[in-house]
Amino acid sequence: MRGNKRMYVSMREMLRKANAEGYAVMAINAFNLESASGVIHAASKMHSPIIIDLLQEHVKKYFDCDVIVKPIIKMAQQVSVPVAINLDHGSDVAHLKRCLHEGFSSVMIDASSYRFEENVAITKSIVEFAQEFNASVEAEVGNMGLVGAGAGFTETKMYTDPDVAIKFIQKTGIDALAVSYGSTHGDYPEGYTPTFHFEIVDKIKKETGIPLVLHGGSGSGADNIRKSVKYGINKINVGTDYMIAQRNFLIKALRDNPNYDYPELLHQSYLEASKVIENYINLAGSKNKAL
């Protein structure tokens, strides 16, 4: 089956379906064409919808939105599974709007560091702006930590307050909400598994019914992932595990063969790392959901 433009979609359609059928769609962080290709490869193999998360920090640092998004859209149009491109943690409103103009099908406006009313006002303005592009909007209430880089684990005081989140959803009209309930961005210490507070997700889901999002899915553990989906998570963000798998392949491959052909080395690193994505697709329950 040849791909077509309908395979490049916003998160709205795929998350509504996931919400109705009780599974989650994986959102994998990519930062260049090769890593995006690895994500699409895994989704195609598993017949799963997929979201390519492009972190604002990476977009600004490596390939800006006017450079990176068009080739990925082209790749999405050539496959037979639904693919969305989402700006992850977009806190720069002007840049976020540029991303929509350049073709991003979804954006996450992250104004969670602001006071509630400011977060509402900023988010609502992006929801209204995104309508012009038929793009979906994710937002966040609560905060998350970052392992390493001088930061730290997500603390209890950073968790999402369900009552605040419910009010936020009602005021903004967002398509999906990122919830802080125990995960942390980054690479956990070996042997560590975070404790998830599913009652937070459960209350928000029962009151609003909208798709909810887990950030920091890497290293959270299979049981936490499965239970998150059970309680109402419909989008799971993973970046660290995918990138670590790429790095580990490169280290081993170059140790075994220092003269490894460089283009083939990079190509194989993403194919090998895509197996990590396949595993998460199984955990999230989205395998064969593109059929």
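Residues numbered from 1 in each chain as written. Predicted model: local features only at pLDDT ≥ 70, side-chain atom pairs only at ≥ 80, totals over all residues. Heavy atoms only, no water.

**Here we look at the nonpolar core**
What counts, and what does not: By nonpolar core we mean a set of buried residues, namely Ala, Val, Leu, Ile, Met, Phe, Trp, Tyr and Cys, connected to one another through side-chain atoms within 4.5 Å. Remark: exposure states derive from per-residue accessible area (1.4 Å probe, protein chains only) relative to the maximum for the residue type, with buried under 20%, exposed over 50%, and partly exposed in between. Any two residues whose heavy atoms approach within 4.5 Å at even a single point are treated as in contact.
Within the largest apolar cluster, 70 residues are counted, with the highest numbers of intra-cluster contacts made by Leu177 and Ile236. With sequence-adjacent residues up to four places away left out, Leu177 is seen in contact with Ala139, Glu140, Val141, Ala165, Phe168, Ile169, Ile210, Pro211, Leu212 and Val213. Counting 14 residues, the second largest nonpolar core, distinct from the first, contains Tyr23, Met108, Ala176 and Val213.

**Let's talk about the pattern of salt bridges**
Where we set the bar: Salt bridge criterion: a side-chain nitrogen from Lys or Arg within 4 Å of a carboxyl oxygen from Asp or Glu. The helix count covers DSSP runs of H or I at least four residues long, the strand count covers runs of E at least two residues long, and both are numbered beginning at the N terminus.
For the structure shown, the criterion picks out 15 salt bridges. The partner of Asp175 in a salt bridge is Arg12, and the shortest N-O contact between them spans 2.9 Å. With a gap of 163 residues between them, Asp175 in the loop between helix H7 (162–172) and strand E6 (176–179) and Arg12 in helix H1 (residues 11–21) connect regions that are remote in the sequence. Across the pair Lys206 and Asp202 runs a salt bridge whose closest N-O atoms are separated by 3.2 Å. Taken together, the positions of Lys206 and Asp202, both in helix H8 (residues 198–208) and four residues apart, correspond to about one turn of that helix. Relative accessible area serves as the criterion here: at 66%, Lys206 is assigned to the exposed category. Each of Lys17, Glu21 and Lys289 takes part in one network of salt bridges that share partners.

**A short note on the packing of aromatic side chains**
Note the cut-off: The rule is short: rings of Phe, Tyr and Trp, with Trp giving its six-membered ring, pair when the centres are within 6.5 Å, and they are stacked under 30 degrees, edge-to-face over 60, tilted in between. We call a charge positioned over a ring when the NZ of a Lys or the CZ of an Arg lies within 6 Å of the ring centre and within 35 degrees of the ring normal.
In this structure the tally under the stated criterion is seven aromatic pairs. Taking 6.3 Å as the distance between ring centres and 55° as the angle between the ring planes, the aromatic pair formed by Phe31 and Tyr62 counts as tilted. Residue Phe31 is located in the loop between strand E1 (25–29) and helix H2 (33–46), and its partner Tyr62 is located in the loop between helix H3 (56–61) and helix H4 (65–77); the two are separated by 31 residues in the primary sequence. Between Phe129 and Phe133, the aromatic rings sit 5.4 Å apart at their centres with planes inclined by 45°, giving tilted as the arrangement. Among the aromatic side chains, those forming a connected cluster through ring pairs are Tyr181, Phe196, Phe198 and Tyr231. Here the guanidinium or amino end of Lys97 rests over the ring plane of Phe129, the centre of that ring lying 4.9 Å away.

**Some points on the sheet that holds strand E5 (residues 136–141)**
The line we're drawing: A pair of strands is considered paired only if DSSP assigns at least 2 bridges between the two. For helices, the fitted axis covers only the stretch in contact; all axes are lines through C-alpha atoms, and the angles between them, taken along N-to-C directions, range from 0 to 180 degrees.
Overall, parallel pairing links the eight strands, which are arranged E1-E2-E3-E4-E5-E6-E7-E8 in a closed barrel. The mean inter-strand angle of the sheet, taken between neighbouring strand axes irrespective of direction, is 25°. Examined bridge by bridge, strand E2 (residues 50–55) and strand E3 (residues 83–90) share six bridges and lie parallel to one another. Looking across to E3, one finds that Ile52 is bridged to Ile85.

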